[in-house]
Amino acid sequence: MPFFKEIKNIVFMVVIFALAATLVAVSVMFALRGSKLNDKYVSMRKELESTKESLAAVENEKNTVESELENERKERQRLEQENAGLKTEIEQLRAKKAEEEAKKLNQQKPQTPPPATKVCYLTFDDGPCENTLAILNILARYNAKATFFVKGNSKCIDYVKNIKDAGHAVGLHTYTHVYEQLYASDAAYFNDLNAVSAAVEQRIGNVKLVRFPGGSSNVVSKKHCLGIMTRLTKSVPEAGYAYFDWNVDSGDAAGYNSEKIIEAVLSQASKKSGAICVLMHDIKTSTTQALPSVIEGLIQQGYYFDALSHDSYGFHHGVKN
């Protein structure tokens, strides 16, 4: 019995030592793991602090950029306002200069009376068109010559050959007749003039007679380019062209019917002491209808009919732009 008791005590002691060793091992393991976790926590905390610092730096940079952009926006706004003011001032100066140049031009070149001979220059704008051939037949019936200021983009542009072959004059009016395009600038006008000139030249040769859309006295051009008519009335003749206005308006562009056209032309013509240049439009059917009576009435007033040439009197209006 004492022997077994001794064995039992030994076994108990072994178990106790084993448990103690296990506890020590576990403690050491947890201690090591805790140390690693702590190191990881410290590392993550440092990383988090670094990220916060980076974000703060980015935020500061963002605020700086936004501040700079706001300053640039304000500066741009200030410059735009300043430019708008300067542009207004420039436009006012241009308008004043254009007015002064127009007055100066009219003073330097006062309008002289047209030739005393009773010659009538019948002119037709905005064609050729379907009515043009009928007008040519009427003119032939009275052996009357006329001048046709044509549009280059007319679908009947080939009729310029009929006009020339019948002994009439062909002049250049415009290519498109779109005011905001052709009066946008001096260059824009000459681009339009070159286009209509090319369209006519390839059919009947070079033409140097011109009529400005709206006439040289038009004020519509002022909406698009200040002073352009003052400049064009100088530069167009310098380019070798002769431009023509009129001193009798048929009123067909205003929608007059044939009776009113006849009355308007004959009434104005009766008050003239010399040559007359009659503004008409062959695109108006009422003009075709009125033409025989207009010609007969003018013949009764002693007028004969001729076509304009480069050397003819220009019937120039006073420039208003």
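Reading guide: rules and limits
- Residues numbered from 1 in each chain as written.
- Predicted model: local features only at pLDDT ≥ 70, side-chain atom pairs only at ≥ 80, totals over all residues.
- Heavy atoms only, no water.
- Helix = DSSP H or I, 4+ residues; strand = E, 2+ residues; numbered from the N terminus.
- Buried < 20%, exposed > 50% of the residue type's maximum accessible area, 1.4 Å probe, protein only.
- Areas by Shrake-Rupley, 256 points an atom, 1.4 Å probe, with all protein chains shown as cover.
- Expected span 1.5 Å × (residues − 1).
- Bend = angle between axes of the 7 residues up to and from the residue.
- Core = buried A, V, L, I, M, F, W, Y, C linked by side-chain atoms within 4.5 Å.
- Contact = heavy atoms within 4.5 Å.
- Right-handed = clockwise from strand over helix to strand, strands pointing away.
- Salt bridge = Lys/Arg side-chain N within 4 Å of Asp/Glu carboxyl O.
- Axes fitted to C-alpha atoms, helices over the stretch in contact; angles between N-to-C directions.
- Parallel < 35°, antiparallel > 145°, perpendicular 65-115°, else oblique.
- Nonpolar A, V, L, I, M, F, W, Y, C, P; charged D, E, K, R; others polar.
- Polar contact = N/O pair within 3.5 Å; in protein donor to acceptor, adjacent residues only side chain to side chain.

Peer 1: I'd like a rundown of the overall build of the chain, residues and numbers included.
Peer 2: Each helix and strand in the chain was counted, giving eight helices and eight strands. Per-residue burial for the chain yields a buried fraction of 36% across its 321 residues. Roughly 18900 Å² of accessible area belongs to the chain as shown, and the carbon and sulfur atoms make up 56% of that amount.

Peer 1: Break down helix α8 (residues 285-300) for me, citing the residues and quoting the values.
Peer 2: Compared with the 22 Å implied by 1.5 Å per residue over 16 residues, the 24 Å span of α8 between its first and last C-alpha is a close match. Considering bend angle alone, the principal kink of α8 is centred on L291 and spans about 45 degrees; proline P292 follows within four residues of it. Backbone geometry just after α8 places G302 at a positive phi near 95 degrees.

Peer 1: Which residues make up the nonpolar core, and what values do they have?
Peer 2: Counting residues in each nonpolar core, the largest one holds 49 residues, and the members touching the most others are L122, L139 and L298. In contact with L298, other than residues within four places in its own chain, are C120, L122, V265, L266, A269, I276, Y303 and F305.

Peer 1: Help me get a handle on the pairing of strand β3 (residues 169-174), residues and values and all.
Peer 2: β3 sits mainly inside the fold: six of its six residues count as buried. Of the crossover connections in this fold, the one passing from strand β2 (residues 146-151) over helix α3 (residues 160-165) to the parallel β3 is right-handed.

Peer 1: With reference to specific residues and values, describe the pattern of salt bridges.
Peer 2: This model, assessed by the stated rule, comprises five salt bridges. A salt bridge links R211 to D125, with the nearest nitrogen and oxygen atoms 3.0 Å apart. Taken as a pair, R211 in the loop between β4 (209-210) and α6 (228-238) and D125 in strand β1 (residues 119-127) lie far apart in primary sequence, 86 residues in all. Given the relative accessible area of 3%, D125 is considered buried. Between K155 and E130 there is a salt bridge, with its nearest N and O atoms 3.3 Å apart. Of this pair, K155 sits in the loop between β2 and α3 while E130 sits in helix α2 (residues 130-141), and the two are 25 residues apart along the sequence.

Peer 1: I'd like a rundown of unusual backbone geometry, residues and numbers included.
Peer 2: Apart from glycine, the bulk of residues carry a negative phi angle, and the bulk of peptide bonds sit in the trans form. In the segment running from G127 into P128, the intervening peptide bond is cis, with an omega of -5 degrees. The residue P128 is located in the loop between β1 and α2 in this model. Backbone geometry at F315 places phi at a positive 50 degrees, although glycine is not the residue there. Among the structural elements, F315 can be located in the segment after β8 (304-305).

Peer 1: Summarise the packing of α2 against α8; cite the residues concerned and give the values.
Peer 2: Here α2 crosses α8 at 5 degrees, and the two axes come no closer than 10 Å. The angle between the axes of α2 and α8 places the two elements in the roughly parallel class. Contact with α2, carried on its side by N131, A134, I135, I138, L139 and R141, involves T285, T288, L291, P292 and I295 of α8 and no other residues of that element. Looking at the contact of α2 with α8 residue by residue, the classes come out as seven nonpolar, three polar and one charged.

Peer 1: I'd like to hear about the side chain of S216, residue by residue, with values.
Peer 2: Locating S216 in the fold gives a position in the loop between β4 and α6. At 2.5 Å, the side chain of S216 forms a polar contact with the side chain of D245. Discounting chain neighbours no more than four positions away, the residues touching S216 are M229, T233, Y243, D245, H317, V319 and K320.

Peer 1: Summarise helix α5 (residues 186-204); cite the residues concerned and give the values.
Peer 2: Taking 1.5 Å of rise per residue, 19 residues should cover 27 Å, and α5 covers 27 Å from first to last C-alpha, within 8% of that figure. When α5 is considered as a whole, its buried residues turn out to be A188, Y189, D192, L193, V196, S197, A199, V200 and I204. Buried residues along α5 sit against β2, α3, β3, α4 (179-182), β4 and α6. At the exit of α5 stands G205, carrying a positive phi of roughly 100 degrees.

Peer 1: Break down the environment of H177 for me, with residues and values.
Peer 2: By secondary structure assignment, the location of H177 is in the loop between β3 and α4. A C-alpha to C-alpha distance of 8.9 Å links H177 and D192, two positions 15 residues apart in sequence. Residues contacting H177, with those up to four places away along its chain left out, are D126, K151, L182 and P213. A polar contact is formed between the side chain of H177 and the side chain of H173, at a distance of 3.2 Å.

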